[in-house]
Amino acid sequence: MTYQGLIHRYGRYLELPSHTKNISLLEGNTPLIPMPRLSKEFGCELSVKFEGLNPSGSFKDRGMTAAVSEAVGRGVQTVICASTGNTAASAAAYASRAGLRAIVLIPEGKVAAGKLAGAITYGAEVIQVQGSFDDALTLVVEITQKTPIVLVNSINPFRIEGQKTAAFEICDDLGCAPDWLCLPVGNAGNITSYWAGFKQYQKGLPRVLGVQAAGAAPLVLGHPVDKPETIATAIRIGKPARGEQALEAAQQSNGKIIAVTDAEILSAQRILASEGVWVEPASAAGLAGLMAESGSRSAKHEARDKKVVVVCTGHGMKDPSIITESFQPPKIIPANYEALIGLIEK
Ligand code: AN7
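Residues numbered from 1 in each chain as written. Predicted model: local features only at pLDDT ≥ 70, side-chain atom pairs only at ≥ 80, totals over all residues. Heavy atoms only, no water.

### Some points on the environment of Pro17
- Positionally, Pro17 belongs in the loop between helix 1 (6-10) and strand 1 (32-34).
- Under the relative-accessibility criterion, Pro17 is labelled partly exposed at 25%.
- It is 37 Å that separates the C-alpha atoms of Pro17 and Trp278, two residues lying 261 residues apart in sequence. (Helix = DSSP H or I, 4+ residues; strand = E, 2+ residues; numbered from the N terminus. Buried < 20%, exposed > 50% of the residue type's maximum accessible area, 1.4 Å probe, protein only.)

### Observations regarding the site of the ligand
- The local shell around the ligand holds 23 residues, among which Asn86, Thr87, Asn187, Ala188 and Thr313 are the closest.
- The separation between an oxygen atom of the ligand and a polar main-chain atom of Gly189 is 3.1 Å.
- Within the contact set of the ligand, a nitrogen atom lies 2.6 Å away from a side-chain nitrogen or oxygen of Thr313.
- When the ligand sits alone it has 470 Å² of accessible area, and the protein chains cover 99% of it.
- Among the secondary structure elements, those contributing two or more residues to the shell around the ligand are helix 4 (86-98) and helix 9 (189-201). (Near = heavy atom within 4 Å. Polar contact = N/O pair within 3.5 Å; in protein donor to acceptor, adjacent residues only side chain to side chain. Areas by Shrake-Rupley, 256 points an atom, 1.4 Å probe, with all protein chains shown as cover.)

### A short note on a nonpolar patch on the surface
- A cluster of nonpolar side chains, namely Ile333, Tyr337, Leu340 and Ile344, defines an oily patch on the protein surface of about 410 Å² accessible area.
- Its place among the elements puts Leu340 in helix 15 (residues 337-344). (Patch = residues over 30% accessible without salt bridge, like charges linked within 9 Å, V, L, I, M, F, W, Y side chains within 5 Å. Salt bridge = Lys/Arg side-chain N within 4 Å of Asp/Glu carboxyl O.)

### Description of the packing of aromatic side chains
- Overall, the coordinates contain six aromatic pairs when judged by the stated rule.
- When the centroid spacing of 5.2 Å and the interplanar angle of 65° are considered together, the rings of Tyr13 and Tyr201 count as edge-to-face. Here Tyr13 is found in the loop between helix 1 and strand 1, whereas its partner Tyr201 is found in helix 9, with 188 residues between them in sequence.
- Residue classification places Tyr201 among the buried positions, given a relative accessible area of 10%.
- Between Tyr194 and Phe198 the ring centres are 6.1 Å apart and the planes differ by 25°, which places this aromatic pair in the stacked class. (Phe/Tyr/Trp six-rings, centres within 6.5 Å; stacked < 30°, edge-to-face > 60°.)

### Some thoughts on helix 4
- Compared with an ideal rise of 1.5 Å per residue, which puts 13 residues at 18 Å, helix 4 spans 18 Å between its outermost C-alpha atoms and is within 8% of the ideal.
- In terms of residue burial, helix 4 counts as a mostly covered element, since eleven of its 13 residues are buried.
- Looking at helix 4, one finds that the buried residues are Asn86, Thr87, Ala88, Ala89, Ser90, Ala91, Ala92, Ala93, Tyr94, Ala95 and Ala98.
- On its buried face, helix 4 sits against helix 3 (60-73), strand 3 (78-82), strand 4 (101-107), helix 5 (113-122) and helix 7 (157-163). (Expected span 1.5 Å × (residues − 1). Contact = heavy atoms within 4.5 Å.)

### Description of the sheet that holds strand 10 (residues 307-312)
- Overall, mixed pairing links the six strands, which are arranged 1-2-10-7-8-9 in an open sheet. The open sheet has two edge strands with one neighbour each: strand 1 and strand 9 (256-260). Between one strand axis and the next, the sheet turns through 25° on average, direction left out of account.
- Packing against the sheet, helix 9 makes contact with strand 2 (45-50), strand 7 (180-184), strand 8 (207-213), strand 9 and strand 10, and its axis sits at approximately 155° to strand 7. (Pairing = 2+ DSSP bridges. Axes fitted to C-alpha atoms, helices over the stretch in contact; angles between N-to-C directions.)

### Points about the sheet that holds strand 4
- With respect to topology, four strands assemble into an open sheet ordered 5-4-3-6, the strand pairing being parallel. Across the chains shown, the open sheet's two edge strands, defined by having one partner strand only, are strand 5 (125-129) and strand 6 (150-151).
- Strand direction decides the pairing type here: strand 3 and strand 6, joined by two bridges, are parallel. Of the residues in strand 6, the one forming a bridge with Ile80 is Leu151.

### Looking at the packing of helix 3 against helix 4
- Contact geometry for helix 3 and helix 4: axes closest at 9 Å, N-to-C directions at 40°. Classed by the angle they form, the pair helix 3 and helix 4 counts as oblique. The chirality of how helix 3 crosses helix 4 is right-handed. Along the contact surface, helix 3 presents Lys60, Asp61, Met64, Thr65, Val68 and Val72, while helix 4 presents Asn86, Thr87, Ser90, Ala91, Tyr94, Ala95 and Ala98.
- Split into classes, the residues belonging to the contact of helix 3 with helix 4 amount to seven nonpolar, four polar and two charged. (Parallel < 35°, antiparallel > 145°, perpendicular 65-115°, else oblique. Left-handed = near helix turned anticlockwise from the far one by under 90°. Nonpolar A, V, L, I, M, F, W, Y, C, P; charged D, E, K, R; others polar.)

### Brief notes about the side chain of Ser193
- Turning to its location among the elements, Ser193 is positioned in helix 9.
- Among the residues examined, Ser193 registers a relative accessible area of 0% and is labelled buried.
- Residues in contact with Ser193, not counting those within four places in the same chain, are Ile160, Gln163 and Lys164.

### Points about the nonpolar core
- Counting residues in each nonpolar core, the largest one holds 34 residues, and the members touching the most others are Leu46, Leu272, Leu287, Leu290 and Val310.
- For this core, the elements supplying multiple residues, two or more each, are helix 2 (36-42), strand 2, strand 7, strand 8, strand 9, helix 12 (262-273), helix 13 (285-294) and strand 10.
- With five residues, the single largest contributor to this core is helix 13.
- Non-local contacts of Leu272, meaning those with residues more than four positions away in its chain, are made with Met35, Leu38, Val48, Val277, Val279, Ala284, Leu287 and Cys312. (Core = buried A, V, L, I, M, F, W, Y, C linked by side-chain atoms within 4.5 Å.)

Pasting the structure below:
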């Protein structure tokens, strides 16, 4: 049978109320891409769960199909979220699909162009807040307590239900859970969802390596960060809503939460691209974390000979600003053959 989306495939494992009305863009079913060259370098069996191939370009679509399906099923008319960008694009996409009004609050000037463009194109009302993601989240929590508008950040339990499906897919593809799962941690909804999903599916449990950016690492520091800063704007979050659960997932799985520098994130992004997978900076944090833990790219390490899944949460196309930050701009030549051959034979 042709694929009909996550609620259709995994609905029996998801705690969704009976009023839920399935709103799907055929999200999920993303590839688990083997990385043979990286596997050899790291001495482990490494694959990438490429979540950038979801309809709006990130893993958020898994949770959004569930949250919007639940909301529309009980007659909700407006949804709202705070976002570093991907949640905004995803909420906008599913709200438009469902015929709902979507309002998204983003930190002023700190959202990657591809995400903002998506949210606007899908028709959301985008509002920039003079503050951080955390300030925006405080505002949307307050407005949803005082009005009938529904919150679709991952505080919404149905977001977590939907995002559990990524763990199910990995188990179905591998036949069991991997030994290690490496992923970026921002507001901590995703790590919470994966851990809940693996526990529920009973195909084994991975050790979970959650990775924050050094400038936005409240779970590593043990306290909120007032002014989070990182090039990985998706995870520029100082006060994760599900921080406790993230720490629990790391602890229960015998894993850990660590921080990596922006330079390590950009380097991991280039390494993934060198084997054909282009992800946005935040999405490279999982691999950056694995590399930091391994000490060096070839040294003996805990993941040695193990099945490792690196979750790449969003597509590289989301954040084109990286051309100026991380790569050389392309050379310019006059439009003649001599100039071209001179350049490529140099
Ligand atoms: C690419 O869109 O928080 O730990 O508002 O976009 O579940 O928050 C995005 C987070 C990782 C972190 N990778 O996931 C938002 C938002 C990408 C992301 C994360 C995000 P969580």
